[in-house]
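Now for the letters of each chain:
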Amino acid sequence: MEFIIENARRSDLPEIREIYAQARAFMAENGNPGQWTGGYPTDEDILNDIELSQLYVARSSAGSRNIACVFVFFIGLDPSYFSIEDGAWLNDAEYGVIHRIATAKWAKGRGAAAFCINECFKYYGNIRIDTHNDNIPMQRLIEKCGFKRCGTVHMASDGTPRIAYQKSADLILASNSPRRRELMKKLGRPFFADPSKVEEKLPEGMDPSMAAEYLSSIKAQEVYDRYGDRELTVIGSDTVVLLDGRIFGKPRDEEDAKRMLRELSGRTHEVRTGVTIISKKGKQSFTSVTEVEFYPLSEKEIEDYAASGEPMDKAGAYGIQDQGALLVKEIRGDFFTVVGFPIAEVSRRL
């Protein structure tokens, strides 16, 4: 049975409250009376999760009023997971968290909870979850969904122990760039981001045209080496802007951004994005090149754009996917190379 996942709404509160009551009764009937005691999660807990946009419901179809499953999902740190005993997490990379998952009585046996867990993993391929030692049905479900038991954690709220699980994809993006992360989703494969810790320094005398590919290589290699002999694939990427054989990286400050924009004004430059893919099958690197021509820019345009803050984390001091598009007269080549990740070629090389 397929389901539709949506953000929970305040109007869903009565139905969600009933589903959690059903879940408490089910756990008590199946040898787990010690979890979710005292009416937990309370209405306040539920409404707070809704306000944070981290409570989701799975309905049997689009537009259906019947909720099959409810759960909390977010990407970020969970204080309960800061320390783990009798084991270790699979990695220390950014992770998603699933909490408070419960299935409506009418939907039992229809795969609603497994569907929700698997959809979370598709959205972000590094997930942590925990459950009570006596919650045997949930342990079976989590392990059936491919999670590995990692150890014991203690709830930040009351210190009670829980069995900790994690599941990680075999595809890693060695970057924290939000633009690259969004483009990676087009691959349709679970992945997670773990940025490289390597110093991004070019060897003396390196040809500027090879800079992006070299930096992508050392980033990918550092992350791949950090994970040891895991069966995984790591993708590293770096983007530089070249004008007259000079590299325009990320601006140091607003004045540096204005300097770059003045030099790019009315001229054509190259955007070079280097990509390196490493797995046990080997290592391949390539550079995708796109030419970008700027309109002649007035001083006011330059000052206003620099003051917006948008140029500060972008090579060449502009983002073509944002307001920087207003500066561009023409491009010759792959648009996504300018964004910072030539996703079509990455897909084919994978």
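Residues numbered from 1 in each chain as written. Predicted model: local features only at pLDDT ≥ 70, side-chain atom pairs only at ≥ 80, totals over all residues. Heavy atoms only, no water.

Q: In this structure, what is going on with the sheet that holds strand 5 (residues 126-131)? I would like to understand it.
A: Backbone-to-backbone hydrogen bonds join strands into a sheet, with any given pair of strands oriented parallel or antiparallel. Strand order in the open sheet formed by seven strands is 1-2-3-4-5-7-6, with mixed pairing between adjacent strands. Lying at the two open borders of the sheet, with one neighbouring strand each, are strand 1 (4-7) and strand 6 (148-154). Ignoring strand direction, the axes of neighbouring strands in this sheet form an average angle of 30 degrees. Where helix 2 (residues 43-51) meets the sheet, it contacts strand 2 (55-59), strand 3 (67-75) and strand 4 (96-103), and its direction lies at approximately 90 degrees from that of strand 2. (Pairing = 2+ DSSP bridges. Helix = DSSP H or I, 4+ residues; strand = E, 2+ residues; numbered from the N terminus. Axes fitted to C-alpha atoms, helices over the stretch in contact; angles between N-to-C directions. Contact = heavy atoms within 4.5 Å.)

Q: Help me out: how do you make sense of the pattern of salt bridges in this one?
A: Side-chain pairs of opposite charge can arise where the charged atoms are in close proximity. Enumeration according to the criterion identifies 32 salt bridges in this entry. Between Arg252 and Asp256 there is a salt bridge; the shortest N-O distance is 3.6 Å. The exposure class assigned to Asp256 is buried, which follows from its relative accessible area of 4%. A salt bridge links Lys258 to Glu255; the shortest N-O distance between them is 2.9 Å. Taken together, the residues Lys258 and Glu255, both in helix 7 (residues 254-264) and three residues apart, mark about one turn of the helix. A relative accessible area of 9% means that Lys258 is categorised as buried. Residue Glu255 is classed as partly exposed on the basis of its relative accessible area of 49%. Residues participating in the shared-partner salt-bridge network are Arg246, Arg252, Asp256, Arg259 and Glu263. (Salt bridge = Lys/Arg side-chain N within 4 Å of Asp/Glu carboxyl O. Buried < 20%, exposed > 50% of the residue type's maximum accessible area, 1.4 Å probe, protein only.)

Q: Is there a simple way to think about the nonpolar core in this case?
A: Proteins that are soluble and globular tend to have nonpolar side chains buried together. Ile101, Phe147 and Val234 are the most contacted members of the largest nonpolar core, which totals 40 residues. The element contributing the most residues to this core is helix 3 (residues 112-123), with seven residues. If we ignore the near neighbours within four places in the chain, the residues touching Phe147 are Ile117, Ile127, Ile129, Ile142, Tyr165, Gln166 and Lys167. Residues Leu171, Leu261, Ala306 and Ile343 belong to the second largest nonpolar core, which totals 35 residues. (Core = buried A, V, L, I, M, F, W, Y, C linked by side-chain atoms within 4.5 Å.)

Q: For this particular structure, what's the right way to read the pairing of strand 12 (residues 268-279)?
A: For a regular strand, side-chain orientation follows a simple rule: the groups alternate between the two sheet faces. Judged by how many residues are buried, strand 12 sits mostly within the fold: ten of twelve residues are covered. Looking at chain direction, strand 10 (residues 233-243) and strand 12 are connected through nine bridges and run antiparallel. Within strand 12, the position partnered with Thr239 by the bridge is Thr273. Pairing of strand 12 with strand 13 (residues 282-294) involves twelve bridges; the strand directions are antiparallel. Paired with Thr276 across the bridge in strand 13 is Ser285. Where strand 12 hands over to strand 13, the hairpin turn is made up of two residues, counted between the paired strands.

Q: So what exactly am I meant to see when it comes to the packing of helix 7 against helix 8 (residues 299-307) here?
A: To characterise two packed helices, one gives the angle between the axes of the helices and the distance between these axes. Here helix 7 crosses helix 8 at 140 degrees, and the two axes come no closer than 9 Å. In terms of orientation, helix 7 lies oblique with respect to helix 8. Helix 8 is crossed by helix 7, and the crossing has right-handed handedness. Counting all contacts with helix 7, which are made through Glu254, Ala257, Lys258, Leu261 and Arg262, the residues of helix 8 involved are Glu299, Ile302, Glu303, Tyr305, Ala306 and Ala307. (Parallel < 35°, antiparallel > 145°, perpendicular 65-115°, else oblique. Left-handed = near helix turned anticlockwise from the far one by under 90°.)

Q: What is the right way to read the side chain of Ser216 from this model?
A: Here Ser216 is to be found in helix 6 (residues 211-226). Not counting the four nearest positions on each side in its chain, Ser216 is found in contact with Gly236, Ser237, Asp238, Gly274, Val275 and Thr276.

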